[in-house]
Amino acid sequence: RLEDSQSNEHHYLPSLTQNLPVEILSEIFTLAIPETYAPLIKATNFSQWRAFFSLIFPLNLAVVCRTWRHAILATPALWTSFFIEVHSPSTRALKALKSCLSTLLERSAGSRLGLTVGVRFSGTFQFAKARNAVQPLLDQQRRWESVDVTFDTTDELEDKIPLKLIDFALLK
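Here goes a summary of the coordinates provided. (Residues numbered from 1 in each chain as written. Predicted model: local features only at pLDDT ≥ 70, side-chain atom pairs only at ≥ 80, totals over all residues. Heavy atoms only, no water.)

For the rest of this paragraph, the subject is the overall build of the chain. Within the chain, the regular secondary structure consists of 9 helices and 3 strands. In the chain, the succession of helices and strands from N to C terminus is α-α-α-α-α-α-β-α-β-α-α-β. Counting all 172 residues of the chain, 37% fall into the buried class. By sequence separation, contacts in the chain at least 24 residues apart represent 80% of the contacts at least 6 residues apart. If you sum the accessible surface of the chain, you get close to 10700 Å²; carbon and sulfur atoms cover 53% of it. (Helix = DSSP H or I, 4+ residues; strand = E, 2+ residues; numbered from the N terminus. Buried < 20%, exposed > 50% of the residue type's maximum accessible area, 1.4 Å probe, protein only. Contact = heavy atoms within 4.5 Å. Areas by Shrake-Rupley, 256 points an atom, 1.4 Å probe, with all protein chains shown as cover.)

Moving on, we come to the sheet that holds strand β2 (residues 115-122). An order of β1-β2-β3 is seen for the 3 strands of this open sheet, with the pairing classed as parallel. The sheet terminates laterally at β1 (81-87) and β3 (144-151), the two strands that pair on one side only. On average, each strand axis in the sheet is tilted by 0° relative to the strand beside it, whichever way the strands run. Bridging between β1 and β2 involves 7 bridges; their strand directions are parallel. For S81, the partnering residue across the bridge sits in β2 and is T116. Lying on the sheet, helix α7 (residues 91-108) is in contact with β1 and β2; it crosses β1 at an angle near 175°. (Pairing = 2+ DSSP bridges. Axes fitted to C-alpha atoms, helices over the stretch in contact; angles between N-to-C directions.)

Let us now look at helix α6 (residues 66-73). Considered for burial, the residues of α6 that qualify are W68, A71 and I72. What you see down the axis of α6 is that its buried residues fit within an arc of 95°, all on one side. (Arc of directions from axis to C-beta.)

A few words on the side chain of S26. Checked against the element boundaries, S26 lands in helix α3 (residues 22-31). Since its relative accessible area comes to 11%, S26 is described here as buried. In this structure S26 touches A71 and T75, once residues within four positions along its chain are discounted.

Ranked by internal contacts, the top residues of the largest apolar core, which has 37 residues, are F29, I84 and F121. When residues in this core are grouped by element, the largest group, 6 residues, is from α7. Every residue in contact with F29, bar those within four places of it in the chain, is listed here: F57, L61, W68, A71, I72 and L78. (Core = buried A, V, L, I, M, F, W, Y, C linked by side-chain atoms within 4.5 Å.)

At a closest axis distance of 9 Å, the pairing of α3 and α6 adopts a crossing angle of 75°. The angle between the axes of α3 and α6 places the two elements in the roughly perpendicular class. In this structure, α3 uses V22, L25, S26 and F29 to contact α6, whose residues at the interface are T67, W68, H70, A71 and I72. In terms of residue class, the contact of α3 with α6 is made up of 6 nonpolar, 3 polar and no charged. (Parallel < 35°, antiparallel > 145°, perpendicular 65-115°, else oblique. Nonpolar A, V, L, I, M, F, W, Y, C, P; charged D, E, K, R; others polar.)

The next point concerns α3. Among the residues of α3, those classed as buried are L25, S26 and F29. Projected down its long axis, α3 shows its buried positions confined to an angular sector of 100°, all on one face. Residues E23, E27 and L31 are exposed on α3 and point more than 90 degrees away from its buried face.

What characterises a pair of aromatic rings is the spacing of the ring centres plus the angle enclosed by the ring planes. Applying the stated rule across the entire model yields 1 aromatic pair. Taken together, a centroid distance of 5.0 Å and an interplanar angle of 65° make the contact between F29 and W68 edge-to-face. Of this pair, F29 sits in helix α3 while W68 sits in helix α6, and the two are 39 residues apart along the sequence. With respect to burial, F29 and W68 carry one shared label: buried. Residue placement shows R107 over the ring face of W79; its charged tip is 4.9 Å from the ring centre. (Phe/Tyr/Trp six-rings, centres within 6.5 Å; stacked < 30°, edge-to-face > 60°. Lys NZ or Arg CZ within 6 Å of the ring centre and 35° of its normal.)

What follows is the structure in structure tokens.
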């Protein structure tokens, strides 16, 4: 009974996007690169911070399916533009931010494009630890095309650490 056997089987039908070549997906994703900050997400515990990082482009697309992940990981240009805004980050969250920035920058290394980056801190945080969190970004200054790192705090910055700036060859 063919009818019964077909109704009991689960057929996998790939979506249209899963049938597209990686090159086409890469082009589509490149057109989706954000040009500004996403709405501020306030995260108070580590699991909320992990969820926060999964919303950052292109990480948010990489979790859709295996095909998209492959296309995103194969396209260094997708990792050259990102905007992150954090509010009152904990020490653990700042370590996660540093790791996230390192990963984003590492994945963009094969791109000939400069970096367009925005990182904003607001609320209560320790400046020295926030500055340490953006160290991977500071290490890539020669690749900066457009950069905005904002430490917005009403706290006295007693522990100010200067940001050593060097080479701005690509800065617009």
